[in-house]
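# An overview of the molecular structure
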Amino acid sequence: MIKPTQKDQITLAVALGANVPSPFGPPTSTLIAVRPQLEKVICDWLYTSLGEKIDEEKSSTDLRWRWSPLFETDPMGGPIGQSPYINAVVVVDGTKVSSLKPTQKSALNLLERFLEIETYFGRDRKNCTIRWGPRPLDLDLLAWGTLQVKHELLTLPHPRLTARSFVVVPLGEALNQGETKPSRLPPQLDWPE
């Protein structure tokens, strides 16, 4: 297990959500299908940003992936009558994440890659006129270390991060992985083995 020193540790936090079917099936199937793709995209982005060749075997020791369980939550905002969402959060840290200095340019590059994944999973942001409407996949960069960004495409940390229990609860679960404190959480599902 990777244990960077507390002062050197930089984490990357990403939220995932879906409430309508994608080409990969219902929302739970979508998040299950996107998980390995999201890990690959983050690895590619990280190693490319560092100017290093990706070594898949070594990346498993250079990165730590802390995935929350899957949570079913009611929609917040948007049109009445939407289906419940399936949400999760992944927190990524380790020596490679800590060795890349967080910058707006790199964060925007990662966001661009996330938008490509969303498109692949059936989301059409260009033709969507409903704010907080149903979606086959939503990927949000929540935070990257202490980086603060105010750009037309991205705000970090995510401006509504602490106001959304469907993000805060999974984020807390991901950050506290390995702790045995009992908790009272909304309905959750386990990732398949």
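Read on for an overview of the structure. (Residues numbered from 1 in each chain as written. Predicted model: local features only at pLDDT ≥ 70, side-chain atom pairs only at ≥ 80, totals over all residues. Heavy atoms only, no water.)

### Thoughts on the nonpolar core
L12, L16, L38, I42, L141 and W144 are the most contacted members of the largest nonpolar core, which has 37 residues in total. Elements supplying a minimum of two residues to this core: β1 (12–18), α1 (27–49), β4 (85–93), α4 (104–120) and β5 (138–144). In terms of residue count, the dominant contributor to this core is α1 (eight residues). With residues near it in sequence (within four places) discarded, L12 still touches I42, W45, V90, V91, V92, V97, L110, L141, A143 and W144. (Core = buried A, V, L, I, M, F, W, Y, C linked by side-chain atoms within 4.5 Å. Buried < 20%, exposed > 50% of the residue type's maximum accessible area, 1.4 Å probe, protein only. Helix = DSSP H or I, 4+ residues; strand = E, 2+ residues; numbered from the N terminus. Contact = heavy atoms within 4.5 Å.)

### What to know about the pattern of salt bridges
Per the stated rule, a full pass over the model turns up eight salt bridges. In this structure, D44 and K40 form a salt bridge, with 2.9 Å as the shortest nitrogen-oxygen distance. Here D44 pairs with K40, and both are found in helix α1, just four residues apart, close to one helical turn. Judged by relative accessible area, K40 falls into the partly exposed class, the value being 47%. (Salt bridge = Lys/Arg side-chain N within 4 Å of Asp/Glu carboxyl O.)

### Thoughts on helix α5 (residues 165–175)
A turn of α-helix holds 3.6 residues, and therefore any two residues three or four places apart point the same way. Considered for burial, the residues of α5 that qualify are F166, V167, P170, L171 and A174. All buried residues of α5 fall inside an arc of 115 degrees around its axis, so they share one side. Residues of α5 that are buried in the fold lie against β1, β2 (64–67), β3 (70–73), β4 and β5. (Arc of directions from axis to C-beta.)

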